[in-house]
Amino acid sequence: MTSIFDASLDLPATETNAASLQNGDPQLSDLIASDENHPLKTAIGVYVTVHGHFYQPPRENPYLDAIERQPSAAPFHDWNERIHHECYRPNAFARILNDHGELVGIVNNYEYLSFNIGPTLMSWIERHDVEVYQRILEADRKSCARLGHGNAIAQAYNHMILPLANERDKRTQIRWGKADFRSHFDRDPEGMWLAETAVDYATLEALVDEGIQFIILAPSQAQRCRSIESGDRQWYEVGGSQIDTTRPYRCFLKGEESEGSEPRYIDIFFYDGPISRDMGFDTALSSSHNLAGRLGQAVRGDHRPTQLIAAATDGETFGHHKRGTEKCLAYAFEHEFFRKGWTVTNFAHYLSLNTPTWEVELKPVTAWSCAHGVDRWQDDCGCGGGGGWHQKWRRPLRDSLDWLRDQLIKVYEETGKKFFKDVWLTRDEYIQVVRDRSPANVSRFFAQHQSHKLSAPERIDALRLLEMQRHAMLMYTSCGWFFEELSRPEGTQILRYASRALELAGDVAGVQLEKGFVKRLALAPSNVDCFKHGAEVYRQLVISAQISFEQVAAHYAISSLFNTFTREQRVYCYATHQLDYQLQRMGSLTLAVGQLQLTSEITRETAHLVFAVLHLGGWDFHCCIQPFAGRRAYAQLKDSLFGSLKQASAAQTILAMNQMFGNQSHSLQNLFAEERHRIMRLLSQETLTRLDQLYTQVYRDNYGVLMAFHRDELPVPQELQVAAEIALGHRLLVALRSLEQDLSDPDSANRLSELDAIATEAHHLHCQLNLPEAKQILERLVQRSLWNLLNPIDPHTAEMQIYCIEQLIDFGQKLHFNLTMAQAQELYFAWLRSAEVERSPQLLALGKKLAVDVEI
């Protein structure tokens, strides 16, 4: 019989063993005692750690501090959101299912995983899904309570390859990683994950100086090892990944012995290479049974008191790269490993129990994803290549950025000493501002680091300098070199960081470094013909993405025609203060003139601008921006423009705008993508409404003909089938939007009947209603209805609410929408597990509808 607990994808465990273990079955104890090879007997002292390196490259537009829509991530907004949906959230609410696919348990995998989450990714999760963010923090607290050491470890800040960094960047990356970790987990990290596990002895020294106790490396990074305690001081060569990964090692810093003081060291864990590879690229995660079996193959039978079986892989493996494998982990953590008598631990806990008795020496410079040291991030070594494309661009790209970094150091030191007591200490602690940009916190930061009381303009320049340095580090994010081509999004992104650093250097110090930088990029050959080299990548993909205050104002001006803005508004990372606004319509023309103050929330620099925007109808906009030149000039400008509008002449109005503002103008295309797409949908709405009406009329007029074709099983004319699908889809969206507006409306039962009628009609006519918006509305309706049911204001409505939820789920099934019930299941399961709830037959039946095993 298969287990009702098993979350494996293929191979179930046995119910007998799982239940016996939980209940302390004496027969099972006798079986273990009589079997010398039983896993529960031979595995005494076995500890298991599975480490997930959760990380996404920073994707924010450097000017907007926000991720713009990424079409390749569809149906999600961007890749962070997509991977969050497929991995980060599922691991916070990992399912344990029975043989019928019903939910019997929810596990927070972060309570059992050893993990690091990249600081830039963690900040994104904090902003976009507070519930998951809190589950991650809670998991670390619970592991601290259970083991005395938390599962979370830190990461060097923005995934820079530390052996290739200069000394200051190396230290700042570690310090920012520690400070960011502390801001989330409210404790200092014991360990740190290095980007790509790239390491050399200079990096180890920096880690030791910053109080990091241990790191995790690949077995291929060890050179030789020897026992510390035994009399045998012979070194054993292990350079071919031959090191025993079941124990921790102590690594002493080079040259420390001669100083006469106690030698300094850092402890190192080497993950099991074959198991980790199997998790990422083979079948180890195909089931919890397989995972436990694969880990069990690494258990040493040499009667050592304890041993650690440690695997490490990208955290995105668990759900994104391998769908559903978070379920495999959940069941393994809660049942499979327990049945084998293994202790699920983390590295810090195991280290507290087992001081290293062996020391190790590392190869000079190594990483886990490059067989040539760290050449993947500086040379055409072949790693990451494929498809016949070269990576000759890597060295010129690295050289260009190194040159720029060194030029920016001069700018920072020479200008920064005017503002800061210690320019490099100030940069090290700037992470406090990155984490909290509130005016009060910025003031506290300056009070601590300023060399004198800074004026408002001086504060702006000081922040520009610090942002210049932040972007100078972001431009070294490892992903820019990882793949096969410079013009990929990752390479383009790091060049955008470089561009922003260049711009800030020019603003604060008047230096012009861009020409020298672009000249060097021309030496980086691209594999793509339309780019030819890095300089052209920069011109086409980077310069075109730069954003000025004028563009922000144009975005605001055009958007104001479709929004009712309050006096204080936020446009991405810009605060807007509307000082004046006037709008007039004349026939098909709409003219708005306004006065606006913009403030960057990042650097606090401001701009006082005047705008005029003319909508000629349809897609045609003419928007002009200029600095505010005084009240009198502004009043004259308004009188002149609105006077020309009274002539109802678009040509006259545009001519007047050009005379007042000059010939430079902005159009709809100049809006930031999100708002541009929204306005495009609004402008299309009238046309789409007319088309919906037209298709609906065609459908109604030909309904009998359509039915006849289907009844006689004849091919339906495409035009008629399309008309039916568009008409029914429109009708469905109207009904769902109306239902979503007020679920408590007494007429909601009639609306549910309407949904059922639509589903029946679509079934008879073989209509495929592929409507993502309808699916999303249905999911929200189910979740909201369930929350209202389980947190009742009026208990007398429970029966109607249950009926509503059941009907919505049935409707989604009829239309093959494959509704995502995850959050509704989580709500119901939490209610079901609560101490005192009335489990009525109707509510239990609803649980079945939600695929929850209510009997467990």
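None of these values were measured; they are calculated from a predicted model.

A.B. asks: Can you explain the overall build of the protein? Please cite residues and give values.
C.D. replies: Summing up its helical and strand segments, the protein has 32 helices and 21 strands in all. Computed over its C-alpha atoms, the radius of gyration of the protein comes to 31 Å, within 12% of the 29 Å expected for a compact globule of 856 residues. Its C-alpha atoms give the protein principal-axis dimensions of about 100 × 80 × 55 Å. The proportion of buried residues among the 856 residues of the protein is 55%. When contacts within the protein are restricted to residue pairs at least 6 apart in sequence, long-range pairs at least 24 apart make up 68% of them. Element-wise, carbon and sulfur atoms account for 50% of the exposed surface of the protein, whose accessible area totals about 37400 Å².

A.B. asks: An account of a nonpolar patch on the surface is needed here, citing residue identities and associated values.
C.D. replies: A grouping of L688, L691 and L694 is seen on the molecular surface, where their side chains present a nonpolar patch of about 260 Å² in accessible area. Here L688 shows up in helix α25 (residues 673-701).

A.B. asks: Give a description of the side chain of R437 that names residues and reports values.
C.D. replies: Mapped onto the fold, R437 is located in the loop between α15 (431-435) and α16 (439-449). Assessed through its relative accessible area of 18%, R437 is described here as buried. Of the polar contacts made by the side chain of R437, one reaches the side chain of E467; its length is 3.0 Å.

A.B. asks: Just give me the short version of empty space enclosed by the protein, but keep the residues and values in it.
C.D. replies: Evaluation of the coordinates by the stated rule reveals three cavities of 30 Å³ or more. In this structure, the largest cavity spans a volume of roughly 80 Å³. Taken together, the elements giving at least two residues each to the lining of the largest cavity come down to β4 (114-117), α5 (119-128), β5 (154-155) and α7 (167-185). For the lining of the largest cavity, a count of residues per class yields seven nonpolar, four polar and one charged.

A.B. asks: I'd love a proper account of unusual backbone geometry, names of residues and values included.
C.D. replies: Looking along the chain, the bond that leaves A74 and enters P75 is cis, with omega of 10°. If you trace the backbone, P75 turns up in the loop between β1 (46-54) and α4 (79-92). Positive phi values are uncommon outside glycine, yet E196 reaches one of about 60°. The residue E196 is located in the loop between β6 (192-193) and β7 (199-200) in this model.

A.B. asks: Outline the packing of helix α9 (residues 273-281) against helix α10 (residues 288-296), listing residues and values.
C.D. replies: Taken N-terminus to C-terminus, the directions of α9 and α10 make an angle of 160°; their axes are 10 Å apart at the nearest point. Considered as vectors, α9 and α10 are oriented roughly antiparallel to each other. For the element pair α9 and α10, the recorded crossing hand is right-handed. Here P274, I275, D278 and M279 of α9 come into contact with α10, specifically with L291, R294 and L295.

A.B. asks: Requested: an account of the environment of F333, with residues and values cited.
C.D. replies: Position of F333 among the secondary structure elements: in helix α11 (residues 325-339). Not counting the four nearest positions on each side in its chain, F333 is found in contact with V50, N109, Y112, L113 and V344.

A.B. asks: Kindly report on the nonpolar core, identifying the contributing residues and their values.
C.D. replies: In terms of nonpolar packing, the biggest core is built from 145 residues, with F54, L204, I215, F337 and F517 touching the most fellow members. Counting residues per element, this core draws most heavily on helix α19 (residues 489-509), at nine residues. Membership of the second largest hydrophobic core comes to 48 residues, among which are L706, C804, L819 and A824.

A.B. asks: Describe the sheet that holds strand β17 (residues 568-571), with residues and values.
C.D. replies: The antiparallel open sheet is built from five strands, whose spatial order is β17-β18-β19-β20-β21. Looking at the sheet topology across the chains shown, the edges are occupied by β17 and β21 (620-627). The sheet shows a mean angle of 30° between the axes of neighbouring strands, taken without regard to direction. As paired strands, strand β18 (residues 574-586) and strand β19 (residues 589-600) are joined by twelve bridges and run antiparallel to one another. Considered in β19, the bridge of R585 is made with T590. The strands touched by helix α23 (residues 631-645) within the sheet are β18, β19, β20 (606-617) and β21, with β19 carrying the most contacts at an inclination of about 155°.

A.B. asks: How would you summarise the pattern of salt bridges if you had to cite specific residues and measurements?
C.D. replies: Tallied over the entire structure, the rule returns 58 salt bridges. Among the ionic pairs, R171 bridges to D209, the shortest N-O distance being 2.6 Å. Taken as a pair, R171 in helix α7 and D209 in helix α8 (residues 201-209) lie far apart in primary sequence, 38 residues in all. In this structure R171 comes out as buried when scored by relative accessible area, which is 14%. Of the residues examined, D209 reaches a relative accessible area of 34% and is grouped as partly exposed. Between R678 and E675 there is a salt bridge, with the nearest N and O atoms lying 2.9 Å from each other. Highlighted residues: R678 and E675, both in helix α25, separated by three residues, approximately one helical turn. Residues participating in the shared-partner salt-bridge network are R89, R95, D129, E131 and E826.

A.B. asks: So what's going on with the packing of aromatic side chains? Residues and values would help.
C.D. replies: In total, this model carries 35 aromatic pairs according to the counting rule given. Taken together, a centroid distance of 5.5 Å and an interplanar angle of 75° make the contact between Y110 and F115 edge-to-face. When its relative accessible area of 0% is taken as the criterion, Y110 is described as buried. Ring geometry for F115 and F185: centres 6.4 Å apart, planes at 55°, overall tilted. Note that F115 is positioned in strand β4 and F185 in helix α7, a separation of 70 residues in sequence. What makes F115 buried here is its relative accessible area of 1%.

A.B. asks: Could you give an account of the packing of α7 against α8, naming the residues involved and the relevant values?
C.D. replies: At a closest axis distance of 10 Å, the pairing of α7 and α8 adopts a crossing angle of 45°. The orientation of α7 relative to α8 falls into the category oblique. At the point where α7 passes α8, the crossing takes the right-handed sense. Along its contact with α7, which presents K170, R171 and I174, the element α8 presents A202, T203, E205, A206, L207 and D209. For the contact of α7 with α8, a count of residues per class yields four nonpolar, one polar and four charged.

A.B. asks: Quick rundown of helix α30 (residues 798-814)? Include the residues and the values.
C.D. replies: Given a rise of 1.5 Å per residue, 17 residues ought to cover 24 Å, and the 24 Å separating the end C-alpha atoms of α30 matches this to within 8%. Within α30, burial applies to Q801, I802, C804, I805, L808, I809, F811 and G812. Once α30 ends, the next one or two residues include H816, with phi positive near 55°.

A.B. asks: Can you tell me about the pairing of strand β12 (residues 265-270), naming the residues and giving the values?
C.D. replies: In terms of residue burial, β12 counts as a mostly covered element, since five of its six residues are buried. The pairing of strand β8 (residues 214-217) with β12 spans four bridges and is classified as parallel. Each bridged residue has a counterpart across the sheet, and for I216 the counterpart in β12 is F269. Here four bridges tie strand β11 (residues 249-252) to β12, and the two strands are oriented antiparallel to one another. If you follow Y249 over to β12, its bridge partner there is I268.

A.B. asks: Give a detailed account of the confidence of the model for the protein, specifying residues and quantitative values.
C.D. replies: In the predicted model, the protein carries a mean pLDDT of 90, and the fraction of residues at 70 or more is 93%. Segment residues 1-43 is flagged for pLDDT under 50; beyond a separation of four residues in sequence, or across chains, it makes 81 contacts in the model.

A.B. asks: For the state of the cysteines, give the residues involved together with the corresponding values.
C.D. replies: Taken as a whole and assessed by the stated rule, the structure comprises zero disulfides. Unpaired in this structure, C573 has its nearest cysteine sulfur neighbour in C623, at a distance of 19 Å. Residue classification places C573 among the buried positions, given a relative accessible area of 3%.

Criteria and thresholds
Residues numbered from 1 in each chain as written. Predicted model: local features only at pLDDT ≥ 70, side-chain atom pairs only at ≥ 80, totals over all residues. Heavy atoms only, no water. Helix = DSSP H or I, 4+ residues; strand = E, 2+ residues; numbered from the N terminus. Rg over C-alpha atoms; globule rule 2.2 N^0.38 Å. Buried < 20%, exposed > 50% of the residue type's maximum accessible area, 1.4 Å probe, protein only. Contact = heavy atoms within 4.5 Å. Areas by Shrake-Rupley, 256 points an atom, 1.4 Å probe, with all protein chains shown as cover. Patch = residues over 30% accessible without salt bridge, like charges linked within 9 Å, V, L, I, M, F, W, Y side chains within 5 Å. Salt bridge = Lys/Arg side-chain N within 4 Å of Asp/Glu carboxyl O. Polar contact = N/O pair within 3.5 Å; in protein donor to acceptor, adjacent residues only side chain to side chain. 1 Å grid on protein atoms, 1.4 Å probe; cavity = no way out; pocket = protein on both sides within 12 Å on 5 of 7 lines; lining within 4 Å. Points joined across faces, edges and corners; volume = space filled by probe spheres on them. Nonpolar A, V, L, I, M, F, W, Y, C, P; charged D, E, K, R; others polar. Axes fitted to C-alpha atoms, helices over the stretch in contact; angles between N-to-C directions. Parallel < 35°, antiparallel > 145°, perpendicular 65-115°, else oblique. Left-handed = near helix turned anticlockwise from the far one by under 90°. Core = buried A, V, L, I, M, F, W, Y, C linked by side-chain atoms within 4.5 Å. Pairing = 2+ DSSP bridges. Phe/Tyr/Trp six-rings, centres within 6.5 Å; stacked < 30°, edge-to-face > 60°. Expected span 1.5 Å × (residues − 1). pLDDT = per-residue confidence, 0-100. Disulfide = S-S within 2.5 Å.

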